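Remarks on the overall topology
Read off the chains here:
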Amino acid sequence: MALLDRRRRVSFAVPVLVAAGLTLTFGAFFQMRAANREAERTQHERQFTQFHDALTERIGSHALLLRTLRSAFSDPRPANRDGFAAAVRPIMPLYPGLWSVTWVSRVPPAGAPALEAEMRAAGRRDFTVRDADETVEGVPGAAPAASHGDLFVNTLAEPERDGAFGQGINILSLPNRAEVLARACASGDLTATEALPPRQQGETGRSIGLYLPVYRYPVDEMDGADRCAEVAGYVASVFGIARLLEEAGNRVDGLHGAVHLLDGPAGDGGRVLASRDLDIPSASREGVPFSDIRKDGETVVERHLVIGGRRWTLALVIPPEPGLASVDYPAWIVLVMGLLLTGALAGYTRREAQAKRLLVTEARARAAMARALRESEERFRMALRHSRVAVFSLDRNLRYMWMYNPQTGRAAETFIGRTNASIHAPDDAARLDAVKRAVLDTGTGARQEVRIGAAPGPEQVFDLIVEPLRDETGVVSGVICAAIDISDGVRIREALAEAHAEAERANRAKSRFLAAASHDLRQPFQAMSLFHHILSARLSDPKQMEVADKLGEAIAAGNTLLNTLLDTSALEAGNVKPRPIVFPFQDIADRLNREFAEQAASKGMVLRMVPTSAYVVSDPVLLERMVRNLLVNALRYAGTGTILLGCRRRDGHALVEVWDTGPGIPTDQLKLIFDDFYRCGTDQRDSGRGLGLGLSIVRRTAQILGHQVDVRSRVGKGTVFSIAVLMVGDRHNPLPEEPTTSVASA
């Protein structure tokens, strides 16, 4: 009975042990397989994170390139073609995915011909400002359409090429570029385009364009609209997306699956911009919705990627593991061996091996990141070494903690631990400390031009940029500064200002002299006129009287020219002070009609005057002199036909107009006719047509009175001059509501 009980206990113990062994074995098997697959997924995600970081670093290097080039275009001296090429070409091999680097210059529409002439003179004989042709690839665009806004033209490009990204292209004619440039200038930061299709023969895959604004003046305190007004141009680059994915993939080992760059979230209709299959080559999937290429059972890992303010999605597609995968081998060994201890040891060894591989992979990733950091630092040092910029940081006591200044022979170590008071003169140290102390107190960056006496050498001028340096809690612990040597530019600017001031002083002195001497200069002509009158009264011989008449004409012409010159000098010297009153313009029109009607008839012309009831605010003497000069000009140049004097109402002003049916003025000379001594279409030696000062006096008098003078003309048809005078009413209405008699209808 006892033996039976022992057998029963043994038989009972065996199933229990077997059940326990099977339970432990299968439990260890399934648990190990799940853990191994989770570790494999974690490893994929970590390697995918490394891929994302490598891609971000490559994009950041492109951004650093543009920020480095921006400093070259911030200099007052503009970059030329050779300087741009010398700066960009050595760097291009470091960026295999970089297609082009360009300088987009801001050009007013009227300045396009001058830009073409300048670029052709610099060696670009085929340079033409044009819009991009969006219908046919490779065909040069047409000349830019007329616009009230400025053009943004590719003036410098490396490598030099034609086409959509070539020189001469108006960037605003490309799709969505206006929105990209507007965001860039408003934010003052790097802005990216949407994914661009290939635009040139030989290019494969899509690309992304980056634009970085360059301002004429500091814009830190300006809002978006004011910033855009100060943009001088943009530094831009175009790089291939597929090439960047390839470079990032080459820097990450062991990553499996396919990496896709999408223009939106993977689960929300995002389309594929570029792909890299890390296991086997595959056909191009560009433009295909991600949902169409994703298969059931595949695992998708997403990471956001921000490029120039645009958010993209980087997706890793991991194919499903087969039923018997290599990661399950340890679990199958545990199951076959059936020994809990062996299985436990095998699982422990497996886990240790995996942990070691993960540590090795992480160490390699850290080493790669350290190498990338060293390369980035070397590039930064190289950029500073070839620029006139010193970078340094100070603590809250304004002691130098770090400095990099390759432009001076003084070692940076001599600055460390010292203050400005122990390095510079007291006044210079006080100015420098005041700027930095204000940033420490307010926590807001500042930019200021400072002058430092460098005895015994010349004074140095720096563009000092100071930004707060914060610790991990956000408290301002010091400042970081950049000092740009602008001494040469400031000296040139001051020399130009002094030369301009000297010229202005000389011009004012000349005008004051002529204005003061007006009486003395007019007196001889008055005496000659008196003697001529006495002489003419005593002559009876017809030949002698003819000579006397010609003498009188010469005296009158000289007196007229002298009066014109003296009037011009009086206007320039500011001796003429307007006395505006309210008066009817018809009074002036009547006097001028009586004065010029006979003169027009003697020349075979007809002077017509349209009556008006307008009351205007102006100086009646100066306004009459302006209209008289316009009538004299019409009689002198029209030759034959009709001259019309009238006044009509427009936008609360009385528009005084003088029409003639003369030969007209070419369009390219309409702005020149108001210059001093300019006579349109006449021999400059022909004194019978005057000195060319009549319209100049009209312009100066209009500036004194605050009136606007305009001119319209058609060659062979005639010319109309108009003066806009403030109107306060007429004889019939206290305020003008209906238009007066139109000159055109008359």
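Residues numbered from 1 in each chain as written. Predicted model: local features only at pLDDT ≥ 70, side-chain atom pairs only at ≥ 80, totals over all residues. Heavy atoms only, no water.

1. Quick notes on the overall build of the chain
- Within the chain one finds 16 helices and 23 strands.
- A burial count over the chain gives 39% of its 746 residues as buried.
- When contacts within the chain are restricted to residue pairs at least 6 apart in sequence, long-range pairs at least 24 apart make up 63% of them.
- Summed over all atoms, the accessible surface of the chain reaches about 40,600 Å², with 57% contributed by carbon and sulfur. (Helix = DSSP H or I, 4+ residues; strand = E, 2+ residues; numbered from the N terminus. Buried < 20%, exposed > 50% of the residue type's maximum accessible area, 1.4 Å probe, protein only. Contact = heavy atoms within 4.5 Å. Areas by Shrake-Rupley, 256 points an atom, 1.4 Å probe, with all protein chains shown as cover.)

2. Some thoughts on the sheet that holds strand 8 (residues 258–262)
- The four strands lie next to each other as 9-8-11-10, forming an open sheet whose pairing is antiparallel. The open sheet has two free edges, formed respectively by strand 9 (272–277) and strand 10 (299–307), since each of these has just one partner strand. Across this sheet, the average inter-strand angle for adjacent strands is 20°, counted without regard to direction.
- Strand contacts of helix 6 (residues 241–250): strand 8, strand 9 and strand 11 (310–318), with the helix running at about 30° to strand 9, the strand carrying the most contacts. (Pairing = 2+ DSSP bridges. Axes fitted to C-alpha atoms, helices over the stretch in contact; angles between N-to-C directions.)

3. Description of the packing of helix 15 (residues 620–638) against helix 16 (residues 694–705)
- Helix 16 packs onto helix 15 with a crossing angle of 155° between their chain directions and a minimal axis gap of 9 Å. Considering the angle they form, helix 15 stands roughly antiparallel to helix 16. Where helix 15 crosses over helix 16, the two elements pack in a sense that is left-handed. Contact residues: Leu622, Leu623, Met626, Asn629, Leu630 and Asn633 in helix 15; Gly694, Leu695, Ile697, Val698, Thr701, Ala702 and Leu705 in helix 16.
- Here the residues of the contact of helix 15 with helix 16 sort into nine nonpolar, four polar and no charged. (Parallel < 35°, antiparallel > 145°, perpendicular 65-115°, else oblique. Left-handed = near helix turned anticlockwise from the far one by under 90°. Nonpolar A, V, L, I, M, F, W, Y, C, P; charged D, E, K, R; others polar.)

4. What about the state of the cysteines?
- All chains considered together, the criterion is met by one disulfide.
- The side chain of Cys185 participates in a disulfide bridge whose partner is Cys228; the two sulfur atoms lie 1.9 Å from each other. Looking along the S-S bond of the Cys185-Cys228 disulfide, the torsion reads about 75°, which is the right-handed sense. Here Cys185 is found in helix 4 (residues 177–187), whereas its partner Cys228 is found in helix 5 (residues 224–229), with 43 residues between them in sequence.
- Given the relative accessible area of 4%, Cys185 is considered buried. (Disulfide = S-S within 2.5 Å.)

5. Quick word on the environment of Met369
- Along the chain, Met369 falls in helix 9 (residues 340–385).
- Accessibility expressed as a relative area gives 54% for Met369, which makes it exposed.
- Between the C-alpha atoms of Met369 and Asp53, which are 316 residues apart in sequence, the distance is 9.0 Å.

6. Brief notes about unusual backbone geometry
- Cis peptide bonds are those with omega within 30 degrees of zero, and the linkage from Glu158 to Pro159 qualifies with -10°.
- Among the structural elements, Pro159 can be located in the loop between strand 3 (151–158) and strand 4 (169–170).
- For Leu398, which is not glycine, the phi torsion reads 60° and is therefore positive.
- Take Leu398: it is sitting in the loop between strand 12 (389–395) and strand 13 (400–404).
- Its identity as a non-glycine residue notwithstanding, Asp651 has a phi of 55°, on the positive side.
- Relative to the elements of secondary structure, Asp651 occurs in the loop between strand 20 (641–650) and strand 21 (653–660).
- Take Asp651: its relative accessible area is 71%, and that puts it in the exposed class.

7. Here we look at the pattern of salt bridges
- Applying the stated criterion to the full structure yields 19 salt bridges.
- Salt-bridge contacts for Arg106 lead to Asp150; the nearest nitrogen and oxygen are separated by 2.9 Å. Here Arg106, found in strand 1 (residues 98–107), pairs with Asp150, found in the loop between strand 2 (130–131) and strand 3; they are 44 residues apart in sequence, far enough to count as distant.
- For Asp150, a relative accessible area of 27% corresponds to the partly exposed category.
- Several salt bridges share partner residues, and in doing so they unite Arg591, Glu595, Glu624 and Arg628 into one network. (Salt bridge = Lys/Arg side-chain N within 4 Å of Asp/Glu carboxyl O.)

8. Topic: helix 10 (residues 426–442)
- Taking 1.5 Å of rise per residue, 17 residues should cover 24 Å, and helix 10 covers 24 Å from first to last C-alpha, within 8% of that figure.
- When we look at burial in helix 10, the residues that qualify are Asp428, Ala429, Leu432, Val435, Lys436, Val439 and Leu440. (Expected span 1.5 Å × (residues − 1).)

9. Focus: the packing of aromatic side chains
- A complete count under the given rule lists three aromatic pairs for this structure.
- Ring centres of Phe392 and Tyr400 lie 5.6 Å apart, and the angle between their planes is 50°; on these two criteria the pair is classed as tilted.
- Tyr400 gets classed as buried once you look at its relative accessible area, which sits at 4%.
- Through a chain of ring-to-ring contacts, the aromatic side chains of Phe392, Tyr400 and Phe415 assemble into a single cluster. (Phe/Tyr/Trp six-rings, centres within 6.5 Å; stacked < 30°, edge-to-face > 60°.)

10. What to know about a nonpolar patch on the surface
- The grouping of Met401, Trp402, Leu469 and Ile480 at the surface amounts to a nonpolar patch, some 320 Å² of accessible area in total.
- Mapped onto the fold, Trp402 is located in strand 13.
- Trp402 gets classed as partly exposed once you look at its relative accessible area, which sits at 35%. (Patch = residues over 30% accessible without salt bridge, like charges linked within 9 Å, V, L, I, M, F, W, Y side chains within 5 Å.)

11. Digging into the packing of helix 14 (residues 585–602) against helix 15
- The interhelical angle for the contact between helix 14 and helix 15, taken along N-to-C directions, is 30°, at an axis separation of 10 Å. On the basis of their axis angle, the class for helix 14 and helix 15 is roughly parallel. Considering how the two elements wind past one another, helix 14 and helix 15 form a crossing that is right-handed. Contact residues: Phe585, Ile588, Arg591, Leu592, Glu595, Phe596, Gln599 and Ala600 in helix 14; Pro620, Leu623, Glu624, Val627, Arg628, Leu631, Val632 and Leu635 in helix 15.
- Partitioning the contact of helix 14 with helix 15 into residue classes produces 11 nonpolar, one polar and four charged.

12. Remarks on the side chain of Arg648
- Tracing the backbone through its elements, the reader meets Arg648 in strand 20.
- Owing to a relative accessible area of 15%, Arg648 belongs among the buried residues under this scheme.

13. Details of the sheet that holds strand 12
- With respect to topology, five strands assemble into an open sheet ordered 13-12-16-15-14, the strand pairing being antiparallel. Only two strands of the sheet have a single partner each, and these edge strands are strand 13 and strand 14 (446–452). Adjacent strand axes in the sheet meet at a mean angle of 25°, parallel and antiparallel pairs treated alike.
- As defined by bridge partners, strand 15 (residues 460–470) adjoins strand 16 (residues 476–485) across nine bridges and the pair is classed as antiparallel. Bridge assignment links Asp463 to a residue of strand 16, and that residue is Ile484.
- Helix 10 contacts strand 12, strand 13, strand 14, strand 15 and strand 16 of the sheet and is inclined by roughly 30° relative to strand 15.

14. A short note on the confidence of the model for the chain
- Averaged over every residue, the pLDDT of the chain is 76; the share at 70 or more is 74%.
- Of all secondary-structure elements in the chain, the lowest mean pLDDT belongs to helix 8 (residues 329–337), at 65, while strand 17 (residues 581–584) reaches the highest, 91.
- Contacts for the low-pLDDT stretch residues 682–688, under 50 throughout, to residues beyond four places or in other chains number eight contacts. (pLDDT = per-residue confidence, 0-100.)

15. Considerations on the environment of Thr191
- For Thr191, the location among the structural elements is in strand 5 (residues 191–192).
- On the basis of relative accessible area, Thr191 is assigned to the buried category, the value being 2%.
- Excluding residues that lie within four positions of it along the chain, Thr191 makes contacts with Val180, Arg183, Ala184, Gly209, Leu210, Tyr211 and Gly308.
- Within the structure, Thr191 has its side chain in polar contact with the backbone nitrogen of Ala184 (distance 3.4 Å). (Polar contact = N/O pair within 3.5 Å; in protein donor to acceptor, adjacent residues only side chain to side chain.)

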